[in-house]
Amino acid sequence: MALTLISATPSPYARKVRIMLAEKGVQFTLQTEVPWDSTTKTKDYNPLEKLPVLIPDKGQPVFESHFILEWIEAHYPEPRLYPPTKEKELFAKQIQVIADGMCDAGVLLFFEKQREQPSYEWQARQRRKLEGGMKALSGYVGDNEFIVDNTFGLADIAAGSALGWVKVRMPEYDWQGEYPNLKRYSAGLEARKSFQESVPYPQKISDKIV
Ligand SMILES: N[C@@H](CCC(=O)N[C@@H](CS(=O)(=O)O)C(=O)NCC(=O)O)C(=O)O
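The structure displayed is predicted, hence computed values, not measured ones. (Residues numbered from 1 in each chain as written. Predicted model: local features only at pLDDT ≥ 70, side-chain atom pairs only at ≥ 80, totals over all residues. Heavy atoms only, no water.)

Before going further, it helps to spend a moment on the nonpolar core. Formed by 44 residues in total, the largest nonpolar core has its most connected members in Leu54, Ile72, Met134 and Leu182. Listed by contribution, the elements that provide at least two residues to this core are β1 (3-7), α1 (12-23), α3 (65-75), α4 (86-112), α5 (120-141), α6 (154-169) and α8 (180-190). With seven residues, the single largest contributor to this core is α6. Each of domain 1 (3-75) and domain 2 (86-192) accounts for three or more of the residues forming this core. If we ignore the near neighbours within four places in the chain, the residues touching isoleucine 72 are Val17, Met20, Leu21, Lys24 and Leu54. (Core = buried A, V, L, I, M, F, W, Y, C linked by side-chain atoms within 4.5 Å. Buried < 20%, exposed > 50% of the residue type's maximum accessible area, 1.4 Å probe, protein only. Helix = DSSP H or I, 4+ residues; strand = E, 2+ residues; numbered from the N terminus. Domains from an automatic or database assignment. Contact = heavy atoms within 4.5 Å.)

The next subject is the side chain of glutamine 126. Of note, glutamine 126 is situated in helix α5. For glutamine 126, a relative accessible area of 2% puts it in the buried group. Residue contacts for glutamine 126: discarding those within four places in its chain leaves Ala105, Leu108 and Leu109.

Turning to the sheet that holds strand β2 (residues 29-32), a few remarks are in order. Taking strand neighbours across the sheet as the criterion, the four strands line up as β2-β1-β3-β4 in an open arrangement whose pairing is mixed. Both outer strands of the open sheet, β2 and β4 (62-63), are each paired with one neighbouring strand and no more. Pairing between β1 and β2: four bridges, direction parallel. Counted as the bridge partner of leucine 5 is leucine 30 from β2. Packed on one face of the sheet, α1 meets β1, β2 and β3 (53-56) and runs near 150° to β1. (Pairing = 2+ DSSP bridges. Axes fitted to C-alpha atoms, helices over the stretch in contact; angles between N-to-C directions.)

This brings us to the pattern of salt bridges. For the coordinates displayed, the defined rule picks out 12 salt bridges. Residue glutamate 70 is joined to lysine 93 by a salt bridge in which the shortest nitrogen-to-oxygen separation is 3.3 Å. Of the two residues, glutamate 70 is situated in helix α3 and lysine 93 in helix α4; the sequence distance between them amounts to 23 residues. Across the pair arginine 115 and glutamate 112 runs a salt bridge whose closest N-O atoms are separated by 3.1 Å. Put simply, Glu70, Lys86, Glu89 and Lys93 are held in one network by salt bridges that share partners. (Salt bridge = Lys/Arg side-chain N within 4 Å of Asp/Glu carboxyl O.)

Turning to the environment of valine 97, a few remarks are in order. Relative to the helices and strands, valine 97 resides in helix α4. As for valine 97 and alanine 159, which are separated by 62 residues in sequence, their C-alpha atoms are 9.5 Å apart.

What surrounds the ligand is the set Ser11, Tyr13, Pro35, Trp36, Glu49, Lys50, Leu51, Pro52, Glu64 and Ser65. The separation between a nitrogen atom of the ligand and a polar main-chain atom of leucine 51 is 2.8 Å. Coverage of the ligand by the protein chains reaches 85% of its 550 Å² of free accessible surface. Class assignment of the residues belonging to the shell around the ligand gives a composition of five nonpolar, two polar and three charged. (Near = heavy atom within 4 Å. Polar contact = N/O pair within 3.5 Å; in protein donor to acceptor, adjacent residues only side chain to side chain. Areas by Shrake-Rupley, 256 points an atom, 1.4 Å probe, with all protein chains shown as cover. Nonpolar A, V, L, I, M, F, W, Y, C, P; charged D, E, K, R; others polar.)

At the junction of leucine 51 and proline 52, the peptide bond is cis and its omega measures out at 10° in the coordinates. Mapping proline 52 onto the fold places it in the loop between α2 (42-45) and β3. A cis amide bond links glutamate 78 with the next residue in sequence, proline 79, at an omega value of -15°. Tracing the chain through its elements places proline 79 in the loop between α3 and α4. Residues other than glycine seldom take positive phi values, yet aspartate 149 does so here, at roughly 55°. Along the chain, aspartate 149 turns up in the loop between α5 and α6. A positive phi is found at asparagine 150, a non-glycine position, where the angle reads about 50°.

The structure is reproduced here in structure tokens:
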């Protein structure tokens, strides 16, 4: 089955998908876009007009990153990247909720800063969510190399992608100084080939969006 992934250079959500496909050795075509520009093709495949979108050459487009990862694990089960028991799988998914939520808050913060009259209160609210998530991740990582059973998997893909995104998109946020264990954890993940092949970087947005 041929796969195409609609992605964007800074996208932490798309990076999760790129990392999982790479860790499973699944070949795919990377279609890099700016989802905020009128040139994007996302609306042709996702009624919510968001990337990532995974497009199999047979069947329906798959969208929403956490669902795309489940779809990949179901169709390409080896090597397993979801924990072996339901309880541990649910725990890994809860870590993904925290990681994705940090990115959601960070994205809202990023665009709020570009408004003609940014709301201080709204920025403070989003920053609290980001910082709260960071503290929670630090607690879950502890002194381990990986979060669930100290085995690389879904939780690390999600947490690692979120940390990599904050590092690029919010260089002023010194989470690595505040949480040395997260600095160590993130560096360990970024050394993996799947992470090295998908390092995020800013995109140029042409259209006015906020
Ligand atoms: N919950 C979604 C979030 C995806 C998302 O917000 N994607 C952004 C691009 S990026 O933030 O990942 O770079 C997008 O397409 N935004 C366009 C839009 O929201 O209209 C997921 O996990 O896939």
